[in-house]
Structure formats: structure tokens, C-alpha cells
Amino acid sequence: MNTNFFNQIAQMGVAGDLHLTIAKGADNNLIVSVMLQNEGCGDNAKNIIPPLNLRGTAEELDNGFFEKITTPIQTASGLMMDMEAFMKQIEVAKKQSAMEKEKADKHKIEQEAKDKKFKDVMAKADELEKEGKFREAWMKVPEITEYPEKADEIRKRKTELSDKFSAPNLFGAGHEQNV
């Protein structure tokens, strides 16, 4: 006896394991249960896909078995593959989301540290200015290249300080005279 049963199974091109259970039923009928298992699919929803049950005589099953199972089994196989691809994309999205959050948090922390350093340096310049040490205060004000986002504030501060130590006053510091 020569059959092409296994060739037809191979031609279905399903991903996973095909489980066949054959039982004798009443009146010389057979009950065939066909279930696709795909362990490569990580989605537990695959477990609710029911087996395909066929009933009939041996002759009826010989004549229509593959016509009855091909489309549903291929559909289930495609669904499981799609579910696995979806699960992988979810994992990628989770990782990227965590990575992006981590990057944003790191950038925020770095920016806060940079802002604190800027405020500290500017406070030191204010202290030196109060002490009348205008040149030293001017030197403490950071360069624009260090804080390009604060360029206007730095320029203004340096100008204020340089005006205090570079403009000679013939009549004494801080006094104006009318002539």
C-alpha cells in the first residue's frame, strides 16, 4: 500500500507540531482530532485555539481529510506566527521605551547638574562683585562655549562687570560730578 499522506502534510507548510488523535466512534465512524502546537509562540492565547475535530467513515476521511484541515490549520499556524511576531515587537518596544526613559532621565540629571554648576559659579561671581573684586568676578563668569544656552545672560553679566573695572573715572569710583 502506497500513500501520500506525509507528502500532503509537508505541503501544508505549517509552523509547529501537528498532533493527530484517532479514535473509534459509533457505527464504524472515526473521530479525528487535529491540533497544532507551536512552542515557538510565546503568547499563551495559542492555548485557547481548539483542536479541529472530524467525524466520518474511513472512506469519507480518506476522501476529504486534507480539504477539511488545510485551511484551518494554515490559518492557526499563521495566527501563531503573527502572535509570536507581535510578542517580539512588544518586547522590543518595552526595551526601547525603558532605554528612552533612561536616556531622558540621564539627560535630565546631567542638565540639572550643569545648571547647578552654572548657578554656583554665578553666585561666586556675585560674591566677588560685592567684595569689590570686579576683575576676579569677571574671570569667574563662565565662557559662552561652556553654556551656549545661557549666552545672553553670560554676555550681560560680563559686560556689567567689565564696565565696573575697565571704565576709568577721573573723579573717583562711584561718584559723578557735574561740570
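Shown above is the structure to which this text applies.
As the structure is a computational prediction, the values presented were derived from the model and not from experiment. Residue positions are counted from 1 within each chain, in the order its sequence is given. Predicted model: local features are reported for residues with pLDDT of at least 70 only, side-chain atom pairs are reported and counted for 80 or more only, and whole-chain, interface and lining totals are derived from all residues. The basis for every side-chain value is the complete set of non-hydrogen atoms in the structure, without hydrogens or water.

## Things to note about the pairing of strand β1 (residues 17–24)
Then comes step 1: DSSP-based pairing: two strands are paired if at least 2 bridges between them are found. Helix and strand definitions here come from DSSP, where helices need a minimum of 4 consecutive H or I residues and strands a minimum of 2 consecutive E residues; each element is numbered from the N-terminal end. Alignment of β1 against strand β2 (residues 30–37), held across eight bridges, turns out to be antiparallel. Paired with Leu 18 across the strands is Leu 36, a residue of β2.
Then comes step 2: Hairpin connection between β1 and β2: a loop of five residues separates the two successive antiparallel strands, and Asp 27 in this loop has a positive phi of roughly 60°.

## Examining the sheet that holds strand β3 (residues 52–56)
Then comes step 1: Read across the open sheet, the three strands follow the order β1-β2-β3; overall the sheet is antiparallel. Looking at the sheet topology across the chains shown, the edges are occupied by β1 and β3. Mean inter-strand twist for the sheet, computed between neighbouring axes without regard to direction, equals 15°.
Then comes step 2: Here five bridges tie β2 to β3, and the two strands are oriented antiparallel to one another. To obtain an axis, a line is fitted to C-alpha atoms, over the contacting stretch when the element is a helix, and the angle between two such axes runs from 0 to 180 degrees between their N-to-C directions.

## So, the side chain of Arg 157
Then comes step 1: Mapped onto the secondary structure, Arg 157 falls in helix α4 (residues 151–166).
Then comes step 2: A contact between two residues is defined here by any heavy atoms of the two lying within 4.5 Å. In this structure Arg 157 touches Met 122, Ala 125, Asp 126, Glu 129 and Val 141, once residues within four positions along its chain are discounted.

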